[in-house]
Amino acid sequence: MAHIVVLGAGTGGMPAAYELREKLGKDHRITVVNAVDYFQFVPSNPWIAVGWRNRDQITFPIRPYLAKKNIEFLAQPVSKIDAEGSALEFPDGSRLTYDYLIIATGPKLAFDEVEGAGPKQFTHSICTVDHAEEAYKDYQQLVENPGPVIIGALPGASCFGPAYEYAFIVNRDLSRRKIRNKVPMTYITSEPYIGHLGLGGVGDSKSMLESEMRNNDIKWITNAKVTKIEDGKMFVTELDELGQIKKEHEVPFKFSMMLPAFKGVDPVASVDGLCNPRGMVIVDEYQRSKKFKNIFSAGVCVAIPPVEVTPVPTGTPKTGYMIESMVSAIVHNIWADLNGHTPDSKGTWNAFCLADMGDTGAAFIALPQIPPRNVNWFKKGRWVHWAKIAFEKYFIYKMKQGSSEPIYEKHVLKWIGIERLQNKGKNMGLFSNLFSTGSTQELPSTAMVIDVRSAAEFATGHVEGAINIPLDQFNAGIQKMVPHKETPVILCCLSGVRSQQACHIMKQQGYQAVFNGGGAVQLAQRLNKELKRMG
C-alpha cells in the first residue's frame, strides 16, 4: 500500500485528493495536509471585499468531507520538506512520511518586493478570504467618506483577472450606492496593455476591456512599475515599450487593492533542486519534479515562464481549469507508476475562465492557455455574471460531494472541446469549429495583407508591407483599396477575432480569395516577414 500526501487543500489540492481516491480505490492511503482547517473558494474573494458575500458562504471545514472518502487530514503548517527522506516535518518535531508527494500549496504573496504594499501596510489584497474581509472593512470607510481608488497589479504579478474583476465590481457597487461620481478610479498594472492578462491577450480582450474602462470612467496606467506606496499616495514609474522611463506618477488614493507578485512558500522554496529562484516548483511535462521522481506539483506553485518579455515583469497565470488538468495528469501518472507503467499523461493546460464585472461579465477560452493556441476566444455578456455565480455554487458543491469531475461535467466540456488530458489526433470539439481564430491553411505568398486593428495598434508593430484599414472603417475602405474581387487578401489583427469579422464582410461583398491570418505577430512568422514599427 502506497501513501500519497497532498500538500495544500485549495482548488488544486482538494480535487487531487478526490481524484486520487477515485482512481486508486481503497488500496492506498491518502493524506491531505493544509495550514488551515477550512477550504476557501478564492474566486469569490472580490465579492467578499465589497460585502456581496460573507465568509460562511465560500468556506467550509475540510475534515468531515475528506473523511467521507476515507482521506486523512492534518491541519497544520509544514516547516520543512525532507525530499531525500520522503517526509514532511512539522513545527512540533513530528514527521509524516510519504511514497508520493503532490505539492499544491498555492503561493507566498510577495508584498515585501514593493515598499508599503500589502494589508499590513497601505494597500489591500483579495488573495485570501482573510485579506478580502480586511479590504471590506476599509471599503466600508470609503463608502462613508468617498475618495480616489486605485486597483491593479504590482510588478511581477501573474494573476490579473481578479484585479479586473474587483475594479468593475467596485465600480458597480459604488454606482448602486449612487456615490460613484465621488470616487475617481485608476487601474494601475504591470501589463504592457489593458487585457494582456499575463497571456499576451486572449481573443479581443484588449479592445473590449479598454472599452469597458472608458465606458465606466476608469483611468489606467499600463507598463506601470510601482516603486513605493505611502499612506494615501502611490509612486509609479510608467515605462514605454522599450523599457525606458516614459513618465513618473504620484497617484493619490483613499482605498487601494493591488495584487502582488507570487513566490514559492518557504518549506517548498528551500528544497535544494526542487524550485526555480522564485521558489516555484520545476516540473517536467508529466507534472513531476525533475530531481525528485516521487514529487509532483500542480497549481500556482508550478514554475511556468512568462509568455513573452514585457517592459515591466509579468508572470503567467494558472487558471482553475488549467490547474485541474495538471491534477488529472498527476493522478494518472501516479496510478501508472504504481502499476508498473511509464507515466505518460500530460495536462492540456486549457483555460476556461469566467470573470464577473458586477452586473455583466467576460468569459475567455484559451486552448491551450499558453500560446500558440488552437482556440482564442473572449466574449462579454450578462450571462457570464450569472454563470460565475452558478459556478461558485457548483464548485463548492462538488468539493463537498467529493467529486473532482462529475461525469456530466466531463462530457459537456468534452463536447465543446475542453479536456483535461492531452489526446492527440482527436477532434478539438465545438469550440474548435466555431471559435478557432486564424486559418491553418496555406496562405498565398502573393496575397495583399490588410491589418484591421486601429491605427495606434498598427503603429506598434505590423507585418512588413501590410495595409491598415481599421475594422470600423472596413466596410467602405475595402472596396477602394481592393477593387478587384479575385485579388487574394490575408486579413489580420491582434488575435484573429476582428480579422474573422472582416473576412465575413469581404465574403458578403463577393470577394473570392479571403484568408484569416490571425494575429499579426504569428502571421509575420508564417509569412517569414518582419514586424515593422511606425515612428
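Residues numbered from 1 in each chain as written. Predicted model: local features only at pLDDT ≥ 70, side-chain atom pairs only at ≥ 80, totals over all residues. Heavy atoms only, no water.

What about helix α1 (residues 13-24)?
Here is step 1 of the chain: Compared with the 16 Å implied by 1.5 Å per residue over 12 residues, the 16 Å span of α1 between its first and last C-alpha is a close match.
Here is step 2 of the chain: Across the 12 residues that make up α1, a large majority, 10, are buried.
Here is step 3 of the chain: Backbone geometry just after α1 places G25 at a positive phi near 75°. (Helix = DSSP H or I, 4+ residues; strand = E, 2+ residues; numbered from the N terminus. Expected span 1.5 Å × (residues − 1). Buried < 20%, exposed > 50% of the residue type's maximum accessible area, 1.4 Å probe, protein only.)

Side note on the pattern of salt bridges
Here is step 1 of the chain: All told, the structure shown has 27 salt bridges when counted by the stated rule.
Here is step 2 of the chain: The shortest N-O distance in the salt bridge between E285 and K346 comes to 2.9 Å. Note that E285 is positioned in the loop between α8 (266-269) and β19 (295-297) and K346 in the loop between α9 (320-338) and β20 (351-356), a separation of 61 residues in sequence.
Here is step 3 of the chain: A salt bridge links E392 to K393; its shortest N-O distance comes to 3.2 Å.
Here is step 4 of the chain: You can call K393 partly exposed: its relative accessible area is 45%.
Here is step 5 of the chain: Connected via shared salt-bridge partners are R53, E392 and K393. (Salt bridge = Lys/Arg side-chain N within 4 Å of Asp/Glu carboxyl O.)

Description of the sheet that holds strand β16 (residues 245-252)
Here is step 1 of the chain: Here three strands make up an open sheet; going across it, the order is β14-β15-β16 and the pairing antiparallel. The open sheet has two edge strands, β14 (224-230) and β16, and neither has a second partner. Sheet twist, expressed as the mean angle between neighbouring strand axes with direction ignored, is 15°.
Here is step 2 of the chain: Two elements, β14 and strand β15 (residues 233-239), share six bridges in a ladder whose sense is antiparallel. Paired with A224 across the bridge in β15 is E238. (Pairing = 2+ DSSP bridges. Axes fitted to C-alpha atoms, helices over the stretch in contact; angles between N-to-C directions.)

Digging into the packing of aromatic side chains
Here is step 1 of the chain: In this structure the tally under the stated criterion is 10 aromatic pairs.
Here is step 2 of the chain: Relative to F255, the ring of Y139 lies with its centre 5.9 Å away and its plane at 70°, an arrangement referred to as edge-to-face. Of this pair, Y139 sits in helix α5 (residues 129-144) while F255 sits in strand β17 (residues 255-259); the two residues are 116 residues apart in sequence, bridging distant segments of the chain.
Here is step 3 of the chain: Judged by relative accessible area, Y139 falls into the buried class, the value being 0%.
Here is step 4 of the chain: Taking the relative accessible area as the measure of exposure, F255 reaches 2% and is therefore buried.
Here is step 5 of the chain: Between F391 and F395, the ring centres sit 5.8 Å apart and the planes meet at 50°, which makes this aromatic pair tilted. (Phe/Tyr/Trp six-rings, centres within 6.5 Å; stacked < 30°, edge-to-face > 60°.)

Re the pairing of β15
Here is step 1 of the chain: Burial within β15 is extensive, with six of its seven residues counted as buried.
Here is step 2 of the chain: Here β14 folds back onto β15 in antiparallel fashion, the turn holding two residues, of which G232 has a positive phi close to 85°.
Here is step 3 of the chain: Pairing of β15 with β16, which is carried by seven bridges, proceeds in the antiparallel orientation. When the bridges of β16 are listed, T237 appears paired with E248.
Here is step 4 of the chain: From the end of β15 to the start of β16, which pair antiparallel, there are five residues, and G243 there has a positive phi angle of about 85°.

Description of the side chain of E210
Here is step 1 of the chain: Of note, E210 is situated in helix α7 (residues 205-215).
Here is step 2 of the chain: Judged by relative accessible area, which is 12%, E210 ranks as buried.
Here is step 3 of the chain: Ignoring any residue separated from it by four or fewer positions in sequence, one finds E210 in contact with I194 and W220. (Contact = heavy atoms within 4.5 Å.)

Side note on the sheet that holds strand β13 (residues 218-221)
Here is step 1 of the chain: A sheet is described by the order of its strands in space; here four strands give the open sequence β13-β12-β11-β17, paired in parallel fashion. Only two strands of the sheet have a single neighbouring strand rather than two, namely β13 and β17. Between one strand axis and the next, the sheet turns through 15° on average, direction left out of account.
Here is step 2 of the chain: As judged from the five bridges shared by strand β11 (residues 149-153) and β17, these two strands associate in the parallel manner.

Comments concerning the confidence of the model for the protein
Here is step 1 of the chain: The share of residues in the protein with pLDDT of 70 or more is 93%, and the mean pLDDT across the chain is 91.
Here is step 2 of the chain: A low-confidence stretch, residues 424-440 (pLDDT under 50), is modelled with 32 contacts involving residues beyond four sequence positions or located in other chains. (pLDDT = per-residue confidence, 0-100.)

A few points about unusual backbone geometry
Here is step 1 of the chain: Phi at K178 is positive, roughly 65°, even though this residue is not glycine.
Here is step 2 of the chain: Among the structural elements, K178 can be located in the loop between α6 (161-176) and β12 (185-188).
Here is step 3 of the chain: One non-glycine residue with positive phi stands out, namely L197, at about 65°.
Here is step 4 of the chain: Relative to the helices and strands, L197 is located in the loop between β12 and α7.
Here is step 5 of the chain: With relative accessibility at 8%, the residue L197 sits in the buried group.

Side note on the nonpolar core
Here is step 1 of the chain: Counting residues in each nonpolar core, the largest one holds 111 residues, and the members touching the most others are I81, L88 and Y166.
Here is step 2 of the chain: Counting residues per element, this core draws most heavily on α6, which supplies eight residues.
Here is step 3 of the chain: In this structure, L471, C493, A502 and Y511 belong to the second largest nonpolar core, which totals 16 residues. (Core = buried A, V, L, I, M, F, W, Y, C linked by side-chain atoms within 4.5 Å.)

Looking at the packing of α1 against helix α10 (residues 382-401)
Here is step 1 of the chain: Close contact between α1 and α10 brings their axes to 10 Å; oriented N to C, the two are set at 45°. As far as their axial angle goes, α10 and α1 are oblique. For the pair α1 and α10, the crossing hand works out as left-handed. Touching M14, P15 and Y18 of α1 are F395, K398 and M399, all from α10.
Here is step 2 of the chain: Looking at the contact of α1 with α10 residue by residue, the classes come out as five nonpolar, no polar and one charged. (Parallel < 35°, antiparallel > 145°, perpendicular 65-115°, else oblique. Left-handed = near helix turned anticlockwise from the far one by under 90°. Nonpolar A, V, L, I, M, F, W, Y, C, P; charged D, E, K, R; others polar.)

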